[in-house]
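# Observations on the model geometry
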Amino acid sequence: MAEKFEGELYIGDLTPPQLTDFDNLDDENAGAFELMEADSAEDANVVYDRVIFKYKDPTSPPHTRKKCGKWSKPLPGVKICVGWTINYRWLYRIGHVRVTTISGTNAKNALEECLKQSAIAALIAGVASGGSAAAAAAEIALKACLASKIGDKLISVSVNIKSTRGSWE
């Protein structure tokens, strides 16, 4: 039986969680990139700043702990474990996107459409490569789409991947 892959992609009307909703976030800056540098910071306008995906990292082994699930008491005052259980605590990756444009630009709709296109590109590349090329394909598709839709009004796009451990299962 194949292992279940857990993840969520927050596009369109799906309400994403806030970064503050996650405990113990580690900022890895993995996947962070800038499309353009701002000419003047006073014209900067953050039009999009939210979590776009969360998934259980299949490449990171979980933390494990062993607990006794069943005790035997053969004699008064003697307690022996006769059944162990193993609990897992998985690593989750959270992707956060921040888009900055020149004031007055409505880039939110363009970004939503570009995120959909990059998700499709990641899916196709992931299937074709066994998963190794998915992130790179998504980044390239997102950059190209935003540059074509927003053009010279786009100041920067940053994608940060943060990590957190889930609860014990």
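With that settled, the discussion passes to the overall build of the protein chain. From N to C terminus, the protein chain includes 2 helices and 7 strands. Secondary structure elements of the protein chain, listed N to C terminal, follow the sequence β-β-β-β-β-β-α-α-β. Taking all 169 residues of the protein chain together, the buried fraction comes to 35%. Across the protein chain, the fraction of contacts at a sequence separation of at least 24, relative to all contacts at a separation of at least 6, is 81%.

Examined against the element boundaries, Ile155 turns out to sit in strand 7 (residues 154-165). Overall, Ile155 belongs to the buried group, its relative accessible area being 7%. A sequence separation of 55 residues divides Ile155 from Thr100, and the C-alpha atoms of the two residues are 5.4 Å apart.

For the structure on display, the rule yields 2 aromatic pairs. Across the ring face of Trp84, the terminal group of Lys66 is positioned such that the distance to the ring centre comes to 4.7 Å. A cation sits over an aromatic face here: Lys79 above Trp71, 4.4 Å from the ring centre.

This part covers the state of the cysteines. Taken as a whole and assessed by the stated rule, the structure comprises 2 disulfides. At a sulfur-sulfur separation of 2.2 Å, the disulfide partner of Cys68 is Cys81. Since a negative S-S torsion denotes a left-handed disulfide, the Cys68-Cys81 link at about 105° is right-handed. Of this pair, Cys68 sits in strand 4 (residues 63-72) while Cys81 sits in strand 5 (residues 80-89), and the two are 13 residues apart along the sequence. Here Cys114 pairs with Cys145 through a disulfide, and the sulfurs are 2.1 Å apart.

About the cut-offs
Residues numbered from 1 in each chain as written. Predicted model: local features only at pLDDT ≥ 70, side-chain atom pairs only at ≥ 80, totals over all residues. Heavy atoms only, no water. Helix = DSSP H or I, 4+ residues; strand = E, 2+ residues; numbered from the N terminus. Buried < 20%, exposed > 50% of the residue type's maximum accessible area, 1.4 Å probe, protein only. Contact = heavy atoms within 4.5 Å. Phe/Tyr/Trp six-rings, centres within 6.5 Å; stacked < 30°, edge-to-face > 60°. Lys NZ or Arg CZ within 6 Å of the ring centre and 35° of its normal. Disulfide = S-S within 2.5 Å.

So, to be careful, I would describe these as geometric facts and stop short of saying anything about function.
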